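Chain and residue survey
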Amino acid sequence: MTIAFWATTGTPAGPFTAIVASDGAVLASGWTSEPDDLTTRISGSLLPGELRARHDLGPVTRAVRAYHAGELDAIDEIVVRQRSGEFLQQAWATLRDVPAGHPVSYSELATRAGRRPAVRAAAMACARNAAALFVPCHRVLRTGGSLGGFRWGVDVKRWLLEHERRNAATSHALQPHG
């Protein structure tokens, strides 16, 4: 039987819960205080046999706090483990390369993931993403720039995009130019 751990962290966008495997890889995460809201998102082959609450998940909790404090790249090194078909796997990997403060359209996500006509599949990759924040599906917008949907609510998506826009601009302004 596999054991996974979960913890909830307060953030300006609401409570954020992550479930991690015993090796620290994120299996599921999102803006909820209920781990049961997340377990249904985990692939059956990765679903733990037991969940144990923790106060802190070490690097994952530190990354969540740092991201919400304005260190947008704090989430980049966190290991995520999701399983699905080839295109969804590729789309999730591609999402991790979308820079904070520079959202893309579903069409652009499909193109970057190697299947230009697969716009609906790109949208499905966002909808089926179990590891919100660490696989930043909130960085995908509808053609024309409207927000579209978000499993954790449009208000959370709006907050995240504004947070990233504001902090990416600040981060860029602090970079040495040479």
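Structure's up top.
Scope of this entry: the structure provided in the associated data block. Everything numeric in this text was worked out from a predicted model, so none of it was measured.

The full count for this structure, using the stated rule, is three aromatic pairs. The interplanar angle of 70° and the centroid separation of 4.8 Å between the aromatic rings of Phe16 and Trp31 together place this pair among those described as edge-to-face. Of this pair, Phe16 sits in strand β2 (residues 16–21) while Trp31 sits in the loop between β3 (26–30) and α1 (36–39), and the two are 15 residues apart along the sequence. Of the two residues, Phe16 and Trp31, both sit in the buried class. Centroid distance Trp31 to Phe150: 6.1 Å. Interplanar angle 50°. Geometry classified as tilted. Of this pair, Trp31 sits in the loop between β3 and α1 while Phe150 sits in the loop between β6 (140–141) and α6 (154–174), placing them 119 residues apart in sequence. Here Trp31 matches Phe150 in class, with each residue buried. Taken together, the ring pairs in this structure connect Phe16, Trp31, Phe134 and Phe150 into an aromatic cluster. Across the ring face of Trp152, the terminal group of Arg151 is positioned such that the distance to the ring centre comes to 5.0 Å.

The next point concerns the nonpolar core. Within the largest apolar cluster, 54 residues are counted, with the highest numbers of intra-cluster contacts made by Trp31, Val60, Leu95 and Phe134. Filtering out sequence-adjacent residues up to four positions away, Val60 remains in contact with Ala18, Val20, Gly24, Val26, Ile78 and Phe134.

Note: α-helices contain 3.6 residues per turn, so residues at a spacing of three or four share the same orientation. For helix α5 (residues 119–128), every residue scored as buried is listed here: Ala122, Ala125 and Cys126. All buried residues of α5 lie within an arc of 95° about the axis, which places them on one face of the element. Elements in contact with the buried residues of α5: α3 (86–95), α4 (106–112) and β6.

Further remarks concern the sheet that holds β3. Spatial strand order, β3-β2-β1-β4: four strands in an open sheet with mixed pairing. In the strand order of this sheet, the two ends are held by β3 and β4 (50–53), each with one partner. When the angles between neighbouring strand axes are averaged without regard to direction, this sheet yields 20°. Sheet analysis places strand β1 (residues 3–9) next to β4, joined by four bridges and oriented parallel. The residue of β4 that forms the bridge with Ile3 is Glu50.

Our focus in this paragraph is the side chain of Asn129. Relative to the helices and strands, Asn129 is located in the loop between α5 and β6. Each residue touching Asn129, except ones within four places of it in the same chain, is listed here: Arg41, Gln82, Trp92, Val135 and Cys137.

Along α3, the positions that sit buried rather than exposed are Phe87, Leu88, Ala91, Trp92, Thr94 and Leu95. Each buried residue of α3 sits inside an arc of 160° when the element is viewed along its axis, so together they form one side.

Position of Leu47 relative to the elements: it lies in the loop between α1 and β4. For Leu47, a relative accessible area of 43% translates into the label partly exposed. It is 8.3 Å that separates the C-alpha atoms of Leu47 and Leu27, two residues lying 20 residues apart in sequence.

In total, this model carries eight salt bridges according to the counting rule given. Of the charged contacts, one joins Asp155 and Arg158 as a salt bridge, the two residues approaching to 3.0 Å between their closest N and O atoms. Of this pair, Asp155 and Arg158 both sit in helix α6, three residues apart, which is roughly one turn of that helix. Residue Asp155 is classed as exposed on the basis of its relative accessible area, which comes to 59%. Between Arg166 and Glu162 there is a salt bridge; the shortest N-O distance is 3.5 Å.

About the cut-offs
Residues numbered from 1 in each chain as written. Predicted model: local features only at pLDDT ≥ 70, side-chain atom pairs only at ≥ 80, totals over all residues. Heavy atoms only, no water. Phe/Tyr/Trp six-rings, centres within 6.5 Å; stacked < 30°, edge-to-face > 60°. Helix = DSSP H or I, 4+ residues; strand = E, 2+ residues; numbered from the N terminus. Buried < 20%, exposed > 50% of the residue type's maximum accessible area, 1.4 Å probe, protein only. Lys NZ or Arg CZ within 6 Å of the ring centre and 35° of its normal. Core = buried A, V, L, I, M, F, W, Y, C linked by side-chain atoms within 4.5 Å. Contact = heavy atoms within 4.5 Å. Arc of directions from axis to C-beta. Pairing = 2+ DSSP bridges. Axes fitted to C-alpha atoms, helices over the stretch in contact; angles between N-to-C directions. Salt bridge = Lys/Arg side-chain N within 4 Å of Asp/Glu carboxyl O.

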